[in-house]
Every structure is written in C-alpha cells, then in structure tokens.
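Chain by chain, the residues run as shown.
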Amino acid sequence: MRTLRLLATLVYSASLAAQTVIPVGQFRSVELRNGCTAIVRHGPAQRVTILAGSLGSPGVRIMDGERLVIDDCSRGCQIEIVTPSLSAVSVANGGTLQTLGVFPAQAAIRAEVEQGGTIDIRSMAPAAVDASVHSGGRIFTNPRETLTGTVTSGGGITYWGAVRVKQFVRGGGAVAKGALADAGKPLAELSPGLDAIPPVPPLPPIPPVAPLQRDR
C-alpha cells in the first residue's frame, strides 16, 4: 500500500513538473515553427504553459514587441496559450495550432500556413478572416461575414457559414465550403483531402528530336 502511495505521488509530481508556465511579455499574434503543437484558449490574462515534453532552442520568445514565437518542438512538447484576443496566427514547417472553447466576437484575424501544418480556428468568431496557405497545409475557419482565401502551390482552406468569399488559387489547392456535418467534428476526424496535398511538379520540357538525314 505504501508503495502504491509513493508511486502515485511520483506520477503527480511529474505531471506538475511537466506543466511549466513560461513568463512572456504581451503579444498580439502567435507564430509556430518547426513542428510545434499548441492549443489556444480565451482568458483575461495572457499565459503560456508547457503541458508535456520540452522545447528546444530558441524556444519561446516575443519578437517585434507583439509576436509570440514558439520554435522547435521536436521533443514532443504540447503548449497551451491563453489570451483575451489574437490578431494573427501562423504555422510554418509543420505543426498544429487549434483554438478551443468559446471566444468573444472580434473584427478580424489573419491565418497563414507555410510549408505544411494545420490551423483550426473554428471556435473563434471573427467577422473577417484573411487566410493563406503556401506549399501545403490546411486552415479550418468559421468567419461571420467575409473570407479572403489564398492558396499557392498546394494546400486547402475550408470554411463554414454563409459568407462572402474572395479566393485566389495558384499552382494547385482549393478554397472550399465545408460540409455542415463536419462543422463540429474534432480536428483529428477532419480528412486532409486532396486539396491539402502539394501538386505534382510539372515535367521538364522535352527537347525537340532532330530530323533524320537521308542518304544522298
């Protein structure tokens, strides 16, 4: 019995140690790089917590006085971010950023994915969303009024709601309205779809064949 209590204490202590609050300054946007996984929740005060794993270097930092940049989650870390609002979110070189819970309505947000990764901001309710995907990746969003969607060289933007849409697709990919049945599905159950796969690069041009010369 004593052994079981000791084991439970060790497990509880390890859990507390894994949930490390990282002191950061004020930020208006969140940027994930190189495979990071983050959950964003609404709250009155900004807070960044490592829920599991650990960060490599350079880790977490504030850039340009407003961007929360989280880099190198190769050690399997999971991060929770609490903030009252966000003006922009981005993911580069793989990783996932997902908002969970209820957020108050806000005017606009910008979402960008580059070189693979996923952004899911369906739980937010911005009036306008400016979303872009470059070279593969996915964005799921639920704007109230307008969506400007840009996809370049593969990737997909899926939206829900009766909104005005401006879309620009170059080199493969799609901006598409999601099925009503999928609107509330967990992120893990949303199929990537063909639009999230980068297009096959074009074949190089074949040089012309020289004409045959006849014997004279």
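See the structure printed just above.
Residues numbered from 1 in each chain as written. Predicted model: local features only at pLDDT ≥ 70, side-chain atom pairs only at ≥ 80, totals over all residues. Heavy atoms only, no water.

Caption draft 1: Main features of the overall build of the protein chain. On a plain count of helices and strands, the protein chain comes out with one helix and 17 strands. Taken over 216 residues, the protein chain has a buried fraction of 38%. Taking the intrachain contacts of the protein chain between residues at least 6 apart in sequence as the baseline, contacts between residues at least 24 apart amount to 46%. (Helix = DSSP H or I, 4+ residues; strand = E, 2+ residues; numbered from the N terminus. Buried < 20%, exposed > 50% of the residue type's maximum accessible area, 1.4 Å probe, protein only. Contact = heavy atoms within 4.5 Å.)

Caption draft 2: Region of interest: the sheet that holds strand β10 (residues 106-114). Within the open sheet, the eight strands sit side by side as β5-β6-β2-β8-β10-β12-β14-β16. Their pairing is mixed. Taken across any chain shown, the strands that pair with only one partner, and hence form the sheet edges, are β5 (60-63) and β16 (164-170). Across the sheet, the axes of successive neighbouring strands diverge by a mean angle of 10°, strand direction being ignored. (Pairing = 2+ DSSP bridges. Axes fitted to C-alpha atoms, helices over the stretch in contact; angles between N-to-C directions.)

Caption draft 3: Structural view of the packing of aromatic side chains. Taken as a whole, this structure holds one aromatic pair when the rule is applied. A cation over an aromatic ring shows up here: arginine 122 above the ring of tryptophan 160, its NZ or CZ 5.8 Å from the ring centre. (Phe/Tyr/Trp six-rings, centres within 6.5 Å; stacked < 30°, edge-to-face > 60°. Lys NZ or Arg CZ within 6 Å of the ring centre and 35° of its normal.)

Caption draft 4: A look at unusual backbone geometry. Unlike most non-glycine residues, asparagine 34 shows phi in positive territory, near 60°. When its relative accessible area of 37% is taken as the criterion, asparagine 34 is described as partly exposed. The residue glutamine 115 is not glycine, and still its phi comes out positive at about 60°. In this fold, glutamine 115 is placed in the loop between β10 and β11 (118-121). Note on glutamine 115: relative accessible area 44%, which makes it partly exposed.

Caption draft 5: Structural detail: the environment of aspartate 71. Take aspartate 71: it is sitting in strand β6 (residues 67-71). Judged by relative accessible area, aspartate 71 falls into the buried class, the value being 9%. Sequence separation between aspartate 71 and arginine 61 is ten residues, and the spatial gap between their C-alpha atoms is 8.7 Å. Here the side chain of aspartate 71 touches asparagine 34 through a polar contact of 2.8 Å, side chain to side chain. (Polar contact = N/O pair within 3.5 Å; in protein donor to acceptor, adjacent residues only side chain to side chain.)

Caption draft 6: Looking closely at the sheet that holds strand β1 (residues 20-22). Pairing within the open sheet is mixed, and its nine strands lie in the order β1-β4-β7-β3-β9-β11-β13-β15-β17. Since the sheet does not close on itself, it has two edges, and those belong to β1 and β17 (174-177), each with one partner. Here the average twist between neighbouring strands, direction ignored, is 15°. Sheet topology places strand β13 (residues 138-141) next to strand β15 (residues 156-159); four bridges connect them, and they run parallel. Residue pairing in the sheet places phenylalanine 140 in a bridge with threonine 158 of β15.

The values reported here are purely geometric and, on their own, carry no functional implication.
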